[in-house]
Amino acid sequence: INERFNQPIFGANYLSGVATGSRLPNPAKFSLKFNSGGVGTFLRLFFTMMDKFRDENEARRRAFFNEVENGKFQQAQKAYFDPSDPSVVYV
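Residues numbered from 1 in each chain as written. Predicted model: local features only at pLDDT ≥ 70, side-chain atom pairs only at ≥ 80, totals over all residues. Heavy atoms only, no water.

Caption draft 1: Focus on the packing of helix α1 (residues 39-54) against helix α2 (residues 58-69). At a minimum axis distance of 7 Å, the contact between α1 and α2 shows a crossing angle of 130°. Judged on the interaxial angle alone, α2 and α1 are oblique. Contacts between α1 and α2 pair M49, K52 and F53 from the former with R61, F64, F65 and E67 from the latter. Of the residues contributing to the contact of α1 with α2, the split by class is four nonpolar, no polar and three charged. (Axes fitted to C-alpha atoms, helices over the stretch in contact; angles between N-to-C directions. Helix = DSSP H or I, 4+ residues; strand = E, 2+ residues; numbered from the N terminus. Parallel < 35°, antiparallel > 145°, perpendicular 65-115°, else oblique. Contact = heavy atoms within 4.5 Å. Nonpolar A, V, L, I, M, F, W, Y, C, P; charged D, E, K, R; others polar.)

Printed below as a string of structure tokens:
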């Protein structure tokens, strides 16, 4: 993932980037807009997760994947969404 946080003079802050991977047939562009605030909380969680994902130490990275698979990472970080509208995440 190649991500970038954008703070335009006019308009909402947003996170944009391009995701690539073996399971994606082509690079996928993405953009997450923060129209109602909450960007500080989300970015802290997002960049913590990305740092752990990109860790070059195999043991620490494997431990992170185990936390995610076992639900421990989710328990430590709180985020909620409405199942009828998953486009909004409450952090």
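Next comes the rest of the description.
Caption draft 2: Quick peek at the packing of aromatic side chains. Within this structure, the stated rule accounts for four aromatic pairs. A centroid spacing of 5.3 Å and a plane angle of 45° characterise the contact between F34 and F42, whose relative ring orientation is tilted. By relative accessible area, which is 14% here, F34 ends up buried. Each residue in the set F34, F42, F46 and F47 is aromatic and connected to the rest through ring pairs, giving one cluster. (Phe/Tyr/Trp six-rings, centres within 6.5 Å; stacked < 30°, edge-to-face > 60°. Buried < 20%, exposed > 50% of the residue type's maximum accessible area, 1.4 Å probe, protein only.)

Caption draft 3: Fine view of the pattern of salt bridges. Tallied over the full model, the rule gives four salt bridges. Note that E58 and R61 form a salt bridge whose closest N and O atoms lie 2.7 Å from each other. Of the two residues, E58 and R61 are both situated in helix α2; the distance of three residues between them amounts to about one turn of the helix. On the accessibility criterion, R61 (26% relative accessible area) is partly exposed. By relative accessible area, E58 is classed as partly exposed at 38%. Within the structure, one salt-bridge network assembled from shared partners comprises E58, R61 and R62. (Salt bridge = Lys/Arg side-chain N within 4 Å of Asp/Glu carboxyl O.)

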